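Residues per chain are reported as follows:
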Amino acid sequence: MRIPLRDAVAAVAALFAPFVVALALAPVRADVSHTNVALVLVVAVVAVSALGNRYAGALAALSAAAWFDFFHTVPYETFHIEQRADIETALLLLVVGLAVSQLAARARLLGGVALADAGHLERLHETARFARFSTSPDDVAAHVRRQLVELLGLRACRFERGSLLGHPARLEQDGSVTVPDWVWDLDRQGWPEGEIELRATSGGHYEGRFMMTPVPGAPVPPLEARLVAVTLAAQAAVALEAPAPVGSRG
């Protein structure tokens, strides 16, 4: 399993950033209170958490507590603490570091979700505008096909009109994937091999299907993206069922 470069960098930073900060503050440890040192180390933990994920943040919190002990508690440059106040500060640093790492990672996740949601909404609006002013339903289907390739990270996608042939895997309306005679766990098994159909239906009427070919071994897009794909197919179906040019409708 490949680790994203950003998470790998964050893991390295989690190990070394608290060490560098604690080491840099060592020459002035007689003039800086332990509380202020701990606060500076918490900032380092937050920075690592914002860069990586919650695991990197937790690792940074452990590293910060360890190097605080090593450089800033008596006896210096040992992983041993003699004074009760130092023990309490180290434990507090660890607890606060773990807490803020989770909050920072959560904020990063929510920020990513917000950006993704905004992108999905813009994609749907763009397709709706295209369908409204297009004079060719086939152009709408081609536009949706391109959108599906980008949205789901597909290797290829084609559109078929007419009767259903064969029994390929299918992307369902709820974002799940079904395979004939098989219970398919999309999150665990990934995309099934071969083409996957996404039916374009409107009001229960079948207008065609998008035959999608995922990139082998590529991660499955999140549920939100798959539901947007279903909605895009429905927008294409609305255009395809119209007897008159789409641009002439009010």
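Relevant structure appears above.
If you're wondering where the values come from, they're calculated on a predicted model, not measured in any experiment.

Caption draft 1: Expanded view of the overall build of the chain. Along its length, the chain carries 7 helices and 5 strands. When burial is assessed residue by residue, the chain has 38% of its 250 residues classed as buried. In the chain, once contacts between residues fewer than 6 apart in sequence are set aside, the share between residues at least 24 apart is 67%. As displayed, the chain offers around 13,900 Å² of accessible surface, 63% of which is attributable to carbon and sulfur atoms.

Caption draft 2: Just the side chain of His-72, in detail. Note that His-72 resides in helix H3 (residues 54–72). Judged by its relative accessible area of 1%, His-72 falls in the buried class. Contact partners of His-72, with chain neighbours within four places excluded, come to Ala-22, Leu-25, Ala-26, Arg-29, His-34, Val-37 and Trp-67.

Caption draft 3: Representation of the packing of aromatic side chains. Tallied over the full model, the rule gives 8 aromatic pairs. When the ring of Phe-19 is compared with that of Trp-67, the centres are 4.8 Å apart and the planes differ by 65°; the resulting orientation is edge-to-face. Taken as a pair, Phe-19 in helix H1 (residues 5–25) and Trp-67 in helix H3 lie far apart in primary sequence, 48 residues in all. By relative accessible area, Trp-67 is classed as partly exposed at 21%. Centre to centre, the rings of Trp-67 and Phe-79 are 5.8 Å apart; their planes meet at 55°, and the pair counts as tilted. Of the two residues, Trp-67 is situated in helix H3 and Phe-79 in the loop between H3 and helix H4 (84–133); the sequence distance between them amounts to 12 residues. Residue classification places Phe-79 among the exposed positions, given a relative accessible area of 54%.

Caption draft 4: Region of interest: helix H7 (residues 223–241). For H7, which comprises 19 residues, the first-to-last C-alpha distance of 27 Å matches the rise-based estimate of 27 Å (1.5 Å per residue) to within 8%. Those residues of H7 that sit buried are Ala-225, Arg-226, Val-228, Ala-229, Val-230, Leu-232, Ala-233, Gln-235, Ala-236, Ala-237, Ala-239 and Leu-240.

Caption draft 5: Here's a closer look at unusual backbone geometry. Backbone torsion omega between Val-74 and Pro-75 reads 0°, so that peptide bond is classified as cis. With respect to the helices, strands and loops of the structure, Pro-75 is situated in the loop between H3 and H4. Phi at Glu-77 is positive, roughly 60°, even though this residue is not glycine.

Caption draft 6: Geometry of the sheet that holds strand S2 (residues 169–171). Read from one edge of the open sheet, 5 strands run S1-S5-S4-S2-S3, paired in mixed fashion. Edge strands, defined here as strands with exactly one partner in the open sheet, are strand S1 (154–160) and strand S3 (177–178). Note that S2 and strand S4 (residues 196–202) share 2 bridges and pair parallel. When the bridges of S4 are listed, Ala-169 appears paired with Ile-196. Sheet strands touched by helix H5 (residues 137–152): S1, S4 and strand S5 (205–214). Its angle to S1, the strand with the most contacts, is close to 155°. Sheet strands touched by H7: S1, S2, S4 and S5. Its angle to S4, the strand with the most contacts, is close to 50°.

Caption draft 7: Highlighting the pattern of salt bridges. This structure, assessed with the given rule, holds 12 salt bridges. Of the charged contacts in the structure, one is a salt bridge between Arg-129 and Glu-122, with a shortest N-O distance of 3.2 Å. A relative accessible area of 42% means that Arg-129 is categorised as partly exposed. Across the salt bridge formed by Arg-158 and Glu-160, the nearest N and O atoms sit 2.4 Å from each other. On the basis of relative accessibility, which here comes to 36%, the residue Arg-158 falls in the partly exposed class. One network of salt bridges, in which partners are shared, links Arg-158, Glu-160, Arg-170, Glu-172, Glu-195, Glu-197, Arg-199 and Arg-209.

Caption draft 8: Highlighting the packing of H5 against H7. Between H5 and H7, the shortest axis-to-axis distance is 9 Å and the interhelical angle comes to 175°. Classified by the angle between their axes, H5 and H7 sit roughly antiparallel to one another. Only Ala-225, Arg-226, Val-228, Ala-229, Leu-232, Ala-233, Ala-236, Ala-239 and Leu-240 of H7 make contact with H5, whose side of the interface consists of Pro-137, Asp-138, Val-140, Val-144, Gln-147, Leu-148, Leu-151 and Leu-152. Here the contact of H5 with H7 is built from residues that sort into 14 nonpolar, 1 polar and 2 charged.

Conventions and cut-offs
- Residues numbered from 1 in each chain as written.
- Predicted model: local features only at pLDDT ≥ 70, side-chain atom pairs only at ≥ 80, totals over all residues.
- Heavy atoms only, no water.
- Helix = DSSP H or I, 4+ residues; strand = E, 2+ residues; numbered from the N terminus.
- Buried < 20%, exposed > 50% of the residue type's maximum accessible area, 1.4 Å probe, protein only.
- Contact = heavy atoms within 4.5 Å.
- Areas by Shrake-Rupley, 256 points an atom, 1.4 Å probe, with all protein chains shown as cover.
- Phe/Tyr/Trp six-rings, centres within 6.5 Å; stacked < 30°, edge-to-face > 60°.
- Expected span 1.5 Å × (residues − 1).
- Pairing = 2+ DSSP bridges.
- Axes fitted to C-alpha atoms, helices over the stretch in contact; angles between N-to-C directions.
- Salt bridge = Lys/Arg side-chain N within 4 Å of Asp/Glu carboxyl O.
- Parallel < 35°, antiparallel > 145°, perpendicular 65-115°, else oblique.
- Nonpolar A, V, L, I, M, F, W, Y, C, P; charged D, E, K, R; others polar.

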